[in-house]
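One-letter residues, chain by chain:
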Protein chains: 2
Amino acid sequence: MALTDLSKDLAIGIDVGGTNTKFGIVNHRGEILEKGEIKTDNFPTIEGFIDGLYSAINPMIEKYGKAHVKGIGMGAPNGNYYSGTIEYAPNLQWKGIISLSKMMSAKFGIQCSLTNDANAAAMGEMIYGAARGMKDFIMITLGAGVGSGIVANGQMIYGHDGFAGELGHTIIRPGGRLHPGTGHKGSLEAYCSATGIAVTAKKLRAENPSSILNEVPEEGLDSKAVFDAAVKGDEVAKEVFRYTGQILGEALANFIMFSSPEAIILFGGVIKSGDFILYPTKEHMEKNLLPIFQNKVRIVFSELKEADAAILGASALVWEK
Amino acid sequence: MALTDLSKDLAIGIDVGGTNTKFGIVNHRGEILEKGEIKTDNFPTIEGFIDGLYSAINPMIEKYGKAHVKGIGMGAPNGNYYSGTIEYAPNLQWKGIISLSKMMSAKFGIQCSLTNDANAAAMGEMIYGAARGMKDFIMITLGAGVGSGIVANGQMIYGHDGFAGELGHTIIRPGGRLHPGTGHKGSLEAYCSATGIAVTAKKLRAENPSSILNEVPEEGLDSKAVFDAAVKGDEVAKEVFRYTGQILGEALANFIMFSSPEAIILFGGVIKSGDFILYPTKEHMEKNLLPIFQNKVRIVFSELKEADAAILGASALVWEK
């Protein structure tokens, strides 16, 4: 195939979230030529959702020419790379086991591949972002939940059944904080997700009446509000990040002793807290590592815009095939 | 190359332990044609150790014909696959960074490859043992220490620097039992190694004067002695295994959510305790898994004789090249 032909190849990347589904048409250089989104929770049935996607995306496909579109890549919560299914995703309203990639391929007449949202983000980072050229890294997404994508020997680790990389659900504090979704106690996600940080902030501000965090209304107490208070010098706000960073750092040390990655890539809303969370994370990560691992593993913030990373990562599934 | 020629290919497998070093000459079918051992701790210098190995192994090589010997594979504590070095192994007397595979290749005139002892055991299990045909599994060696070898996508996970798979040093009980070797608190090895089990047994028998474990002399209180007492129905001995199994099971759940293996292979002296440790391990592993992982991952005991697995695994490095 001539180079000029190859450069016209396009992929559709779709990132399915609990609230919004974002999509874009992407070229070989990782440029998003056009993008859009639909409301995931507007569609009570999966058939309706796929029809909604088709109405939104097909005009893009026709504009650039269907022959150029080499495939559709999707990232979705609990998306399984091997089976192409979504299985019992807690934050999606379609329950049971859904053959998403098969249904999408049939509707669009274009081959569709699926993986989970964190794996898609990791792939976006590997091909277009902070993990370019790395063969061994771990991506941790710190958002409403804590997700992960693991790359070793240059390959995504899917495990024997496609479900590898649920690091948010590893137990870091046995008997610790209850995760309302899973019923387990002490998981990384219970502490280091945006929700977990809000729980910590509520607890600490109640114990410290002088903290300016007490001026924030209950529903606005998110990691952004804690960050703003920390910037103003509030010690309680800083302690929220120090505590979160300690648990994240301890978890990262365990992960490093598993796969010895070159870097940990952090991604998601929580990283906007910057050094407030980065410094304690590094400190406690190093403290819990064996000497052979110390001062070797970089913690890097994602280089991609959050919305773009998910679309780019999903589209990368097409090139990987 | 004709099949008859290939069938004559031989490999040397060497397992370097803190006390003994075992070796054998192995054919393509995994048969150990001859084996032997030397005392590792008789050799204060690495040069002396290599001379000792040469004196013991070269007669075997000459007997079968040097032309047939395709390589030497070694497993050693802290052995690094990429660099061919042993770095600061806590239970070997040669300190610093030792270029073991280079020195061995020079002495024998045969290419030598190195990996750590647990990775070698995992490779032995993958090629000749309980993990035959598996592409995703985790090997946990429960001996004087707790080691591990991780295989994903059919490949050994070495990490970016060759040090992946130190699962014995992951922290399972933050702030818990001190590991005298590392100074860290609450690592898997502090509880589930033979040494860890003895610590638990000492603590529990002191709290329970009626336990028959109190009849065992201090220096004989190992997992074998606890097993014997459990067989006789001693409840304290059973509790030692229940507690050890709980911590091991919790750790395995974390590992499974990392790489989603088809099976966990357990290996080493501690597995002689059989169901006393297996049942609580399974129970607590399942309890700590997300539903998508439950009742899927088998816990399997190694099928290889302990001494043979290490030699076979080390020799497998030669075929892998």
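This is a predicted model, so every value here is computed, not measured.

A.B. asks: Is there a simple way to explain the overall build of chain A in this structure?
C.D. replies: Helix and strand counts for chain A stand at 10 helices and 12 strands. Overall size of chain A, expressed as C-alpha extent along the three principal axes, is 60 × 45 × 35 Å. Put simply, chain A has 321 residues, and 60% of those count as buried. Accessible surface for chain A amounts to roughly 12700 Å². Of this, 53% is attributable to carbon and sulfur atoms.

A.B. asks: What should I look at first to understand the pairing of strand E4 (residues 69-76) of chain B in this one?
C.D. replies: Looking along a regular strand, one sees the side chains alternate between the two faces of the sheet. Residue and element names in this part refer to chain B. The buried fraction of E4 amounts to 7 of the 8 residues, a majority that puts the element mostly inside the structure. Bridge analysis of strand E1 (residues 10-16) against E4 gives 6 bridges, and the strand direction is parallel. Its bridge partner being in E4, Asp-15 is matched across the sheet by Gly-75. Where E4 and strand E7 (residues 112-116) come together, 5 bridges link them in parallel fashion. Considered in E7, the bridge of Gly-73 is made with Ser-113.

A.B. asks: In this structure, what is going on with the interface of chain A and chain B? I would like to understand it.
C.D. replies: Note: interface size is frequently given as the accessible area lost on complex formation between the parts. Chain A puts 42 residues into the contact, and the matching count from chain B is 42 residues. Summed over both partners, the interface of chain A with chain B comes to about 3600 Å²; 61% of that surface belongs to carbon and sulfur atoms. The interface formed by chain A and chain B includes 2 salt bridges. With its nearest N and O atoms 2.7 Å apart, the salt bridge here joins Lys296(A) to Asp161(B). One can count 22 residue pairs in polar contact (both at pLDDT 80 or more) joining chain A with chain B. Elements with a contribution of two residues or more to the side of chain A that touches chain B: strand E9 (146-152), strand E10 (155-156) and helix H8 (235-259) of chain A. Element by element, the count of residues in the side of chain A that touches chain B is highest for H8(A), at 6 residues. Here the side of chain A that touches chain B is built from residues that sort into 21 nonpolar, 13 polar and 8 charged.

A.B. asks: Any chance you could explain the side chain of Thr21(A) here in plain terms?
C.D. replies: Residues and elements named next belong to chain A. With respect to the helices, strands and loops of the structure, Thr-21 is situated in strand E2 (residues 20-27). At 2.7 Å, the side chain of Thr-21 forms a polar contact with the side chain of Thr-40. Not counting chain neighbours up to four residues away, the residues in contact with Thr-21 comprise Ile-14, Asp-15, Val-16, Gly-36, Glu-37, Ile-38, Thr-40, Phe-49 and Leu-53.

A.B. asks: Teacher, can you tell me more about the packing of H8(A) against helix H9 (residues 275-287) of chain A here?
C.D. replies: Each packed pair of helices is defined by two parameters, the angle between the axes and the distance between the axes. All names here are of chain A. At a minimum axis distance of 6 Å, the contact between H8 and H9 shows a crossing angle of 40°. The angle between H8 and H9 places the two elements in the oblique class. Taken as a pair, H8 and H9 cross one another with a handedness that is right-handed. Contacts from Lys-238, Phe-241, Arg-242, Thr-244, Gly-245, Gln-246, Leu-248, Gly-249, Glu-250, Leu-252, Ala-253 and Ile-256 in H8 reach Phe-276, Ile-277, Pro-280, Thr-281, His-284 and Met-285 in H9. The residue inventory of the contact of H8 with H9, partitioned by class, reads 9 nonpolar, 6 polar and 3 charged.

A.B. asks: Whenever I open this one, the relation of the copies chain A and chain B confuses me. Can you help?
C.D. replies: Each copy of the chain is related to the other by a rotation around an axis and a translation along that axis. Expressed as a screw transformation, the operator carrying chain A onto chain B has a rotation angle of 180° and an axial translation of 0.0 Å, and the superposed copies differ by an RMSD of 0.0 Å. The superposition of one copy onto the other is thereby described by a two-fold rotation axis. By residue overlap, the copies meet face to face through one surface: 100% of the interface positions of chain A are interface positions in chain B.

A.B. asks: Please clarify how the packing of helix H4 (residues 117-128) of chain A against helix H10 (residues 306-320) of chain A should be interpreted in this entry.
C.D. replies: All names here are of chain A. In contact at an axis separation of 7 Å, H4 and H10 are set at 80° when each is read in the N-to-C sense. With respect to their mutual orientation, H4 and H10 come out roughly perpendicular. On the side of H4, the interface is formed by Ala-120, Ala-121, Met-123, Gly-124, Glu-125, Ile-127 and Tyr-128, while H10 contributes Ala-309, Ala-310, Leu-312, Gly-313, Ala-314, Ala-316, Leu-317, Trp-319 and Glu-320. Its residues assigned to classes, the contact of H4 with H10 shows 12 nonpolar, 2 polar and 2 charged.

A.B. asks: Just to check I follow, could you spell out helix H2 (residues 46-64) of chain A for this structure?
C.D. replies: Side chains that are three or four residues apart share a direction in an α-helix, a result of its 3.6 residues per turn. Residue and element names in this part refer to chain A. Here H2 spans 27 Å end to end across 19 residues, near enough to the 27 Å set by a 1.5 Å rise per residue. At Ile-57, H2 shows its largest bend, some 35°, and a proline, Pro-59, comes one to four positions later. All buried positions along H2 are accounted for by Ile-46, Phe-49, Ile-50, Gly-52, Leu-53, Ile-57, Asn-58, Met-60 and Ile-61. Against strand E1 (10-16), E2, strand E3 (32-39), strand E4 (69-76), strand E6 (97-98) and helix H3 (100-108) lie the buried residues of H2.

A.B. asks: Teacher, can you tell me more about unusual backbone geometry here?
C.D. replies: Generally, phi is negative for residues other than glycine and the peptide bonds are trans, each holding for most cases. Residue and element names in this part refer to chain B. The backbone phi angle of Asn-78 is positive, close to 60°, even though this residue is not glycine. Considering the arrangement of structural elements, one finds Asn-78 in the loop between E4 and strand E5 (86-87). The backbone of Asn-153 shows a phi angle near 55°, a positive value even though the residue is not glycine. As for its placement among the helices and strands, Asn-153 is situated in the loop between strand E9 (146-152) and strand E10 (155-156).

A.B. asks: Honestly, the sheet that holds strand E8 (residues 137-142) of chain A in this entry has me stumped. Any pointers?
C.D. replies: Think of a sheet as strands paired side by side through backbone hydrogen bonds, with each pair either parallel or antiparallel. Residue and element names in this part refer to chain A. Taking strand neighbours across the sheet as the criterion, the 5 strands line up as E10-E9-E8-E11-E12 in an open arrangement whose pairing is mixed. Where the open sheet ends on each side, the last strands, each with one partner, are E10 and strand E12 (298-301). Of the pairings in the sheet, the one linking E8 to E9 comprises 6 bridges and is antiparallel in character. Residue pairing across strands places Phe-137 opposite Val-151, the latter belonging to E9.

A.B. asks: Quick question: what am I supposed to make of the packing of aromatic side chains here?
C.D. replies: The tally for this structure, following the rule as stated, stands at 23 aromatic pairs over all chains. Judged by centre distance (5.1 Å) and plane angle (65°), the ring pair of Tyr54(A) and Phe108(A) falls under edge-to-face. Of this pair, Tyr54(A) sits in helix H2 while Phe108(A) is found in helix H3, placing the two residues 54 residues apart along the sequence. On the basis of relative accessible area, Tyr54(A) is assigned to the partly exposed category, the value being 27%. With a centroid separation of 4.1 Å and 0° between ring planes, the pair formed by Tyr81(B) and Tyr158(B) is classed as stacked. Linking Tyr81(B) in the loop between E4 and E5 with Tyr158(B) in the loop between E10 and helix H5 (188-192), this pair joins segments that are 77 residues apart in sequence. By relative accessible area, which is 23% here, Tyr81(B) ends up partly exposed. Through a chain of ring-to-ring contacts, the aromatic side chains of Phe255(A), Phe258(A), Phe255(B) and Phe258(B) assemble into a single cluster. When the ring centre of Tyr54(A) is taken as reference, the NZ or CZ atom of Lys107(A) above it lies at 5.1 Å.

Parameters and conventions
- Each chain carries its own residue numbering, running from 1 in the written order of its sequence.
- All chains are assigned letters beginning at A, and all ligands numbers beginning at 1, according to the order in which they are written.
- Under the rules for a predicted model, residues below a pLDDT of 70 receive no local features and side-chain atom pairs below 80 are neither given nor counted, while totals for whole chains, interfaces and linings still include all residues.
- In computing side-chain properties, one takes all heavy atoms of the structure into account and sets aside hydrogens as well as water.
- Numbering goes from the N terminus for both helices and strands, where a helix is a DSSP run of H or I of at least four residues and a strand is a run of E of at least two.
- When a residue's accessible area, from a 1.4 Å probe over protein chains only, is under 20% of the maximum for its type it is buried; when over 50% it is exposed; and in between it is partly exposed.
- Only the protein chains shown count as covering a residue, and every accessible area follows the Shrake-Rupley method with a 1.4 Å probe.
- Here, a strand pair is defined by DSSP locating no fewer than two bridges between the strands.
- The contact definition used throughout considers only heavy atoms, calling two residues in contact when any of these lie within 4.5 Å.
- We define buried area as the total accessible area lost by two parts upon association, computed with a 1.4 Å probe and summed across both.
- Salt bridges are defined as contacts in which a side-chain nitrogen from Lys or Arg sits within 4 Å of a carboxyl oxygen from Asp or Glu.
- Two N or O atoms form a polar contact when they lie within 3.5 Å of each other; inside protein one atom must be a possible hydrogen donor and the other a possible acceptor, and for residues adjacent in sequence the pair counts only when both atoms belong to side chains.
- Under the scheme applied, nonpolar residues are Ala, Val, Leu, Ile, Met, Phe, Trp, Tyr, Cys and Pro; charged residues are Asp, Glu, Lys and Arg; polar residues are all the others, including Gly.
- Axis definition: a line fit to C-alpha positions, over the contact stretch in the case of helices; interaxial angles, taken between N-to-C directions, run 0 to 180 degrees.
- Just so you know how the angles are binned, under 35 degrees is roughly parallel, over 145 roughly antiparallel, 65 to 115 roughly perpendicular, and the rest oblique.
- Should the near helix be turned anticlockwise from the far one by less than a right angle, the crossing is left-handed, and should it be turned clockwise, the crossing is right-handed.
- For the least-squares superposition of copies, only C-alpha atoms count, and only for residues with pLDDT at least 70 in both.
- Expected helix span is given by 1.5 Å per residue-to-residue step, counting one fewer step than there are residues.
- Two axes enter the bend calculation: one fitted to the seven residues ending at the residue in question, the other to the seven starting there, and the bend is the angle between them.
- Note on aromatic pairs: the rings of Phe, Tyr and Trp (six-membered ring only in Trp) are paired at centre separations within 6.5 Å, and the planes decide the class, stacked below 30 degrees, edge-to-face beyond 60, tilted for the rest.
- Lysine NZ or arginine CZ positioned within 6 Å of the ring centre and within 35 degrees of the ring normal marks a charge as sitting over the ring.

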